[in-house]
Amino acid sequence: NLGYRYLTPAEALAMRDGRESQVLLLDVLTDQLRALNHVRHRGEERPFTESAIADAVRQLRDADDGGGILATNRTVWELLRYGIAAPQTIAGDTRSFPLRYVDWEHPERNLFHVTDEFAVTRAGRTDTYRPDVVLFVNGIPFVVVECKRPSLKEALGEAVSQQIRNQKEDGIPQLYHFAQLLLAV
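Residue positions are given per chain, counted from 1 along the sequence in the order it is written. Reporting in this predicted model follows two pLDDT cut-offs: at least 70 for local features of residues, and 80 or more for side-chain atom pairs to be given and counted; totals over whole chains, interfaces and linings ignore these cut-offs and use all residues. As a rule here, side-chain values come from all non-hydrogen atoms in the structure, and water together with hydrogens is ignored.

Enquirer: Help me out: how do you make sense of the sheet that holds strand β1 (residues 5-7) in this one?
Expert: In sheet architecture, strand pairing relies on hydrogen bonds along the backbone and comes in two forms, parallel and antiparallel. Between any two strands, at least two bridges found by DSSP are needed for them to pair. Put simply, DSSP H or I for four residues or longer makes a helix, DSSP E for two residues or longer makes a strand, and each gets a number counted from the N terminus. Ordered by their spatial adjacency, 5 strands build an open sheet running β1-β6-β9-β10-β11, and the pairing between neighbours is mixed. Each of the sheet's edge strands pairs with one partner strand only, and the pair in question is β1 and β11 (181-184). With strand direction ignored, the average angle separating the axes of adjacent strands in the sheet is 25 degrees. Strand direction decides the pairing type here: strand β6 (residues 112-116) and strand β9 (residues 133-137), joined by 5 bridges, are antiparallel. Paired with H113 across the two strands is F136, which belongs to β9. In this description, a line fitted to the C-alpha atoms serves as the axis of each element, helices being fitted only across the stretch in contact, and the angle between N-to-C directions of two axes falls anywhere from 0 to 180 degrees.

Enquirer: Looking at this structure, how should I read the pattern of salt bridges?
Expert: Oppositely charged side chains can form a pair if their charged atoms are brought close together. Salt bridge, as applied in this entry: a Lys or Arg side-chain nitrogen positioned within 4 Å of an Asp or Glu carboxyl oxygen. One pass over the structure, following the stated rule, counts 12 salt bridges. Across the pair D103 and R100 runs a salt bridge whose closest N-O atoms are separated by 3.5 Å. For D103, a relative accessible area of 1% translates into the label buried. Ionic pairing is found between R122 and D127, a salt bridge with its closest N-O pair at 3.1 Å. Only protein chains enter the accessibility calculation, which uses a 1.4 Å probe; a residue is then buried when its area is under 20% of its type maximum, exposed when over 50%, and partly exposed in between.

Enquirer: I'm lost on the environment of R95 in this one. Help?
Expert: Looking at the element boundaries, R95 is found in strand β5 (residues 93-99). Along the chain, R95 and A85 lie 10 residues apart, while their C-alpha atoms are 9.2 Å from each other. Discounting residues that sit within four places of it in the chain, R95 has contacts with H41, A86, P87 and Q88. Contact criterion: two residues are considered in contact whenever any of their non-hydrogen atoms come within 4.5 Å of each other.

Enquirer: Honestly, the environment of Y82 in this entry has me stumped. Any pointers?
Expert: You can see Y82 is positioned in helix α4 (residues 69-82). Taking relative accessible area as the criterion, Y82 reaches 56% and is therefore assigned exposed. In this structure the C-alpha to C-alpha distance between Y82 and R165, which are 83 residues apart in sequence, comes to 30 Å.

Enquirer: Can you help me understand the side chain of Q88 in this one?
Expert: Residue position: Q88 is located in strand β4 (residues 84-90). With relative accessibility at 5%, the residue Q88 sits in the buried group. Other than its neighbours up to four places away in sequence, Q88 contacts V39, P47, F48, T49, A52, D93, T94, R95 and F97.

Enquirer: Help me out: how do you make sense of the pairing of strand β2 (residues 38-41) in this one?
Expert: Put simply, side chains in a regular strand alternate between the two faces of the sheet. Here β2 shows one buried face, formed by V39 and H41, and one open face, formed by H38 and R40. Relative to strand β3 (residues 44-47), β2 runs antiparallel, the two being bridged by 4 bridges. Its bridge partner lying in β3, H38 is registered against P47. The hairpin formed by β2 and β3 contains 2 residues between the paired strands, and R42 there has a positive phi angle of roughly 50 degrees.

Enquirer: Hey, could you run me through the nonpolar core in this one?
Expert: Taken as a class, soluble globular proteins show a tendency for nonpolar side chains to be buried jointly. The set of buried Ala, Val, Leu, Ile, Met, Phe, Trp, Tyr and Cys residues whose side-chain atoms join them within 4.5 Å is what this entry labels a nonpolar core. Ranked by internal contacts, the top residues of the largest apolar core, which has 45 residues, are L60, Y101 and I140. Of all the secondary-structure elements, those providing two or more residues to this core are α2 (26-36), α3 (50-61), α4, β4, β5, β9, β10 (140-146) and α6 (173-176).

In short, shape yes, function no, at least from these values alone.
Structure below.
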């Protein structure tokens, strides 16, 4: 009812090229970057070059600078909030133009997906952790939700503990590089 398209775990995996280590829905992200962004130059609107789109995907995907999960998440937040300046050459004139990952002014232009049991390969291992629910905006995992049965003793504490465990170096920190909201319910 909120406009999210449900993806089965198999569909979400297929949208990650079958790679559980990949947390971005790369085709969705690439298509949305094309749809949301255009160069406005001297009264004309043109698409960004494919190399600019690929560079924007690379900058987001490779945002981990080795400074830890918090520093990487802040870098990602800045990319998501402000976008990047992408150089474009038009009629021999090279200038930088804003390229956004999210349309904050017109949210209806963004694509929203949700999946459950989102399997992500643990860092340096072959097994996975599976957050209960992940919400995506334009192919970017924005929200990670851990759900526990209310009948469990300390259910909320267990959900919070699981979120913390998943962020550790031997967990799935690559997912938390992008997550902007963590919920324990």
